[in-house]
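Residues per chain, in single letters:
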Amino acid sequence: MKKLEIHIALREARRTHEMTQVALAKSLGIRQSAISMFESGRHDALSQEKIVAMAEMLEVDLTSLRLGKRGPTGPTVLKYCPIDGCPSNIPYVVRGDIVFMPTLSRATAGQSTICRFCSEIMLDACPNTDCGTELNGGAFCEACRQPYVTVTSSPVGQPAEWADEERGRILELRGMFELISEAPAKENRS
Ligand SMILES: [Zn+2]
Ligand SMILES: [Zn+2]
């Protein structure tokens, strides 16, 4: 179940206490406009200290609410994307065969994590369902020797050359992703 957001919880509590924004502002020594902004979702309108004071006054248990932007996070595990065409997996040639080396990233355990490159659901263990041994950071499962990434498309031409080209393409793609994720959310118009 989704936890109540702090500004909504405090707004509801204020109404339950039949307190106006003005009255609450007065007892906290702040402006009414700050409370108004806070209650409409601007968590930065009030200092953490004032939020705590307000919660105490309105008898709201903050520990049962979400504080800050992120919800509570559980333990994390290493995950990888199982798709062979995904830029998170780097192709190499081992004894003439293409092998993909997955890039591991940390994510919350027991929750599905979407690959940021290809939107596939990431795995946190050997893809062989009979095995399920945890990831070792290499390209193959230690227990059953299954490659983490199954090669579905056969490379055109020499595997070594293909892998070289692919690595170049992947680096380029990843560079583009970095640029996108670093780009500011709002356009600067000057
Ligand atoms: Zn992917
Ligand atoms: Zn395995």
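One can find the structure itself at the top, above this paragraph.
Since the structure is predicted, the reported quantities are computational estimates derived from the model, not experimental observations.

Caption draft 1: Up close: the coordination of the zinc ion (ligand 2). All of the protein donors around the zinc ion (ligand 2) are C126 (SG), C131 (SG), C141 (SG) and C144 (SG); their distances to the metal are 2.2 to 2.4 Å. For the zinc ion (ligand 2), the four donor atoms are set out with angles of 100 to 114° between them, so the coordination reads as tetrahedral. Donor residues binding the zinc ion (ligand 2) come from one chain and are separated in sequence as C-x4-C-x9-C-x2-C. Of this pair, C126 sits in the loop between strand 4 (105-108) and helix 5 (159-182) while C144 is found in the loop between strand 4 and helix 5, placing the two residues 18 residues apart along the sequence. Residue classification places C126 among the buried positions, given a relative accessible area of 6%.

Caption draft 2: Examining the environment of Y148 more closely. Mapped onto the elements of the fold, Y148 is located in the loop between strand 4 and helix 5. Y148 sits in the buried class, given a relative accessible area of 2%. Sequence separation between Y148 and Y80 is 68 residues, and the spatial gap between their C-alpha atoms is 8.6 Å.

Caption draft 3: Molecular detail of the pattern of salt bridges. Counting across every chain of the model gives six salt bridges. Of the charged contacts in the structure, one is a salt bridge between E12 and R11, with a shortest N-O distance of 3.4 Å. According to the relative accessible area criterion, E12 is partly exposed, its value standing at 35%. Among the salt bridges present, the one from E12 reaches R15, with a minimum N-O distance of 3.8 Å. With E12 and R15 both in helix 1 (residues 6-16) and three residues apart, the pair spans about one turn of that helix. Among the ionic contacts, a cluster of salt bridges with common partners joins R11, E12 and R15.

Caption draft 4: The arrangement of the packing of aromatic side chains in detail. In this structure the tally under the stated criterion is two aromatic pairs. The interplanar angle of 55° and the centroid separation of 5.4 Å between the aromatic rings of Y80 and Y148 together place this pair among those described as tilted. Of this pair, Y80 sits in the loop between strand 1 (76-79) and strand 2 (89-94) while Y148 sits in the loop between strand 4 and helix 5, and the two are 68 residues apart along the sequence. A single burial state applies to Y80 and to Y148, both of which are buried.

Caption draft 5: Geometry of the environment of N89. Inspection of the secondary structure assignment puts N89 in strand 2. Along the primary structure N89 and R167 are separated by 78 residues, whereas in three dimensions their C-alpha atoms are 9.3 Å apart. Dropping the residues within four chain positions of it, N89 is found in contact with C81, P82, I83, F100, M101, P102, T103, V149 and I170. A polar contact is formed between the side chain of N89 and the backbone oxygen of C81, at a distance of 2.9 Å.

Caption draft 6: Spatial organisation of the coordination of the zinc ion (ligand 1). Looking at the metal site, the zinc ion (ligand 1) is ligated by C81 (SG), C86 (SG), C115 (SG) and C118 (SG), spaced 2.2 to 2.3 Å from it. Here the zinc ion (ligand 1) is ringed by four donor atoms whose angles at the metal span 100 to 116°, and the overall shape comes out tetrahedral. Written as a sequence motif, the donor residues of the zinc ion (ligand 1) are C-x4-C-x28-C-x2-C. Here C86 is found in the loop between strand 1 and strand 2, whereas its partner C118 is found in the loop between strand 4 and helix 5, with 32 residues between them in sequence.

Caption draft 7: Local environment of the nonpolar core. If you look at the biggest cluster of nonpolar residues, it comprises 16 residues, and the most contacted ones within it are L10, F38, M54 and L58. Mapped onto this core, the elements with two or more residues apiece are helix 1, helix 2 (21-28), helix 3 (32-39) and helix 4 (48-57). Residues within four places of F38 in sequence aside, it is in contact with I6, H7, L10, H43, A45, L46, I51 and M54. Formed by 10 residues, the second largest nonpolar core is a distinct cluster that contains Y80, I98, C126 and V149.

Reading the values: rules and limits
- Residues numbered from 1 in each chain as written.
- Chains lettered and ligands numbered in written order.
- Predicted model: local features only at pLDDT ≥ 70, side-chain atom pairs only at ≥ 80, totals over all residues.
- Heavy atoms only, no water.
- Donors = N, O, S within 2.8 Å, 3.2 Å for Na, K, Ca; no water.
- Tetrahedral: all angles 85-135°; square planar, octahedral: opposite > 155°, others 65-115°.
- Helix = DSSP H or I, 4+ residues; strand = E, 2+ residues; numbered from the N terminus.
- Buried < 20%, exposed > 50% of the residue type's maximum accessible area, 1.4 Å probe, protein only.
- Salt bridge = Lys/Arg side-chain N within 4 Å of Asp/Glu carboxyl O.
- Phe/Tyr/Trp six-rings, centres within 6.5 Å; stacked < 30°, edge-to-face > 60°.
- Contact = heavy atoms within 4.5 Å.
- Polar contact = N/O pair within 3.5 Å; in protein donor to acceptor, adjacent residues only side chain to side chain.
- Core = buried A, V, L, I, M, F, W, Y, C linked by side-chain atoms within 4.5 Å.

The values are spatial; any link to function lies outside them.
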